[in-house]
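# Structure assessment
For reference, the chains in residue letters:
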Amino acid sequence: MARAGLNAERLTAAAAELADEIGFANVTVSELARRFGVKDASLYSHIKNLQDLRTRVALYALRDLADRLTDATAGKAGKDALAAFGGAYRAFMVRHPGRYAASQTPLDPEAVAGSEAVQRVFRTTYALVTAYGLREPDATDAVRLLRSTFQGFAGIEAAGQFGHPRPAGESWNKIIDALDCALSHWQVSP
């Protein structure tokens, strides 16, 4: 019999919190069961297996990220939208490293196709670069530039590896300026 109060949604939220605490790769059914003070078998009436749990956490994280990105960019354009998008991305990655790692996990194509969150992340990201006048294949190149830059900066920041006394926020502002300049002056593919 399932323990009262446990359901797939509650387990997913708890696993996302656990991922932020111990790392997404370290989340297991056993670790999650310990958090609730139950045996592993108690969770299997709500989740299929570890892969199912990890997929649920990835989609949960992507919903959270999609909400943050769309909320941050709503009503903004150009550099303001870029700064808001980048700030939301950076904050999510630094504050929720386990969820961010989950959001970067390769997912089954069916899970991706059925996820509104995945589609919202794509739409918001591509809307940002197409507002700069970029179309394919340049839009994809620009998205890759942004993602690489934001992920790289936030990853270094989250690891506490910016050892220089200059505040990271000042460097971040220069990066946003540089990205805005790059997107505004993009050499469009023929």
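Rules of the game
- Residues numbered from 1 in each chain as written.
- Predicted model: local features only at pLDDT ≥ 70, side-chain atom pairs only at ≥ 80, totals over all residues.
- Heavy atoms only, no water.
- Helix = DSSP H or I, 4+ residues; strand = E, 2+ residues; numbered from the N terminus.
- Buried < 20%, exposed > 50% of the residue type's maximum accessible area, 1.4 Å probe, protein only.
- Contact = heavy atoms within 4.5 Å.
- Areas by Shrake-Rupley, 256 points an atom, 1.4 Å probe, with all protein chains shown as cover.
- Lys, Arg positive; Asp, Glu negative; His and termini not counted.
- Charge placed at Lys NZ, Arg CZ, Asp CG, Glu CD.
- Axes fitted to C-alpha atoms, helices over the stretch in contact; angles between N-to-C directions.
- Parallel < 35°, antiparallel > 145°, perpendicular 65-115°, else oblique.
- Nonpolar A, V, L, I, M, F, W, Y, C, P; charged D, E, K, R; others polar.
- Expected span 1.5 Å × (residues − 1).
- Core = buried A, V, L, I, M, F, W, Y, C linked by side-chain atoms within 4.5 Å.
- Left-handed = near helix turned anticlockwise from the far one by under 90°.
- Arc of directions from axis to C-beta.
- Polar contact = N/O pair within 3.5 Å; in protein donor to acceptor, adjacent residues only side chain to side chain.

Check the secondary structure of the chain and you find 9 helices and 0 strands. Each helix (α) and strand (β) of the chain, taken in turn from the N terminus, gives the series α-α-α-α-α-α-α-α-α. In terms of overall dimensions, the chain has a C-alpha envelope of 60 × 40 × 25 Å along the principal axes. Counting across all 190 residues of the chain, residues that qualify as buried make up 42%. In the chain, once contacts between residues fewer than 6 apart in sequence are set aside, the share between residues at least 24 apart is 67%. Accessible area of the chain: about 10200 Å², with a carbon and sulfur share of 53%. Taking the average place of the 22 positive charges on the side chains of the chain and the average place of its 21 negative ones, the gap between the two points comes to 4 Å.

When two helices pack together, you describe them by how their axes are tilted relative to each other and by the distance separating the axes. Interaxial distance between helix H1 (residues 8–22) and helix H2 (residues 29–36) falls to 10 Å at its minimum, and their mutual angle equals 105°. Classified by the angle their axes make, H1 and H2 are roughly perpendicular. Together, Arg10, Leu11, Ala14, Ala15, Glu17, Leu18, Glu21 and Ile22 of H1 and Glu31, Leu32, Arg35 and Phe36 of H2 make up the contact between the two elements. Of the residues assigned to the contact of H1 with H2, the class counts are 7 nonpolar, no polar and 5 charged.

With 21 residues, helix H8 (residues 138–158) should cover 30 Å at 1.5 Å per step; its first-to-last C-alpha distance of 30 Å lies within 8% of that length. When we look at burial in H8, the residues that qualify are Asp138, Ala139, Thr140, Ala142, Val143, Leu146, Phe150, Phe153 and Ala154. Gly160 sits one or two residues past H8 and shows a positive phi near 70°.

Let us now look at the side chain of Thr125. On the secondary structure map, Thr125 appears in helix H7 (residues 116–130). Excluding residues that lie within four positions of it along the chain, Thr125 makes contacts with Phe85 and Val143.

Attention now goes to the nonpolar core. Residues Leu32, Leu43, Leu82, Leu146 and Phe150 are the most contacted members of the largest nonpolar core, which totals 57 residues. Counting only elements with at least two residues in this core, the list comes to H1, H2, helix H3 (50–73), helix H4 (78–95), helix H5 (97–103), H7, H8 and helix H9 (168–184). It is H3 that provides the largest number of residues to this core, a total of 10 residues. Excluding anything up to four places from it in sequence, Leu32 contacts Leu11, Ala14, Ala15, Leu18, Leu43 and Leu53.

One can describe the packing of H4 onto H8 by two numbers: an axis separation of 9 Å at closest approach and a directional angle of 40°. Taken together, the axes of H4 and H8 lie oblique to each other. Our pair here, H4 against H8, has a crossing hand that is right-handed. Side by side, H4 and H8 meet where Leu82, Phe85, Gly86, Tyr89, Arg90, Met93 and Val94 of the first sit next to Leu146, Arg147, Phe150, Gln151, Phe153, Ala154, Gly155, Glu157 and Ala158 of the second. Across the contact of H4 with H8, the residue classes tally to 10 nonpolar, 3 polar and 3 charged.

Within the secondary structure layout, Pro165 lies in the loop between H8 and H9. Remark: the alpha-carbon pair of Pro165 and Arg63, spanning 102 residues in sequence, is separated by 35 Å.

If you check H7, its first and last C-alpha atoms are 20 Å apart, about what 15 residues at 1.5 Å a residue would give, namely 21 Å. Within the span of H7, buried status applies to Ala117, Val118, Arg120, Val121, Thr124, Thr125, Leu128 and Val129. The buried residues of H7 occupy an angular sector of 165° when the element is viewed end-on, so they sit on one face. Summarising the contacts, the buried residues of H7 are in contact with H3, H4, helix H6 (109–113) and H8. Sitting at the amino-terminal end of H7 is Ser115, which places a side-chain oxygen 3.3 Å from the backbone nitrogen of Ala117.

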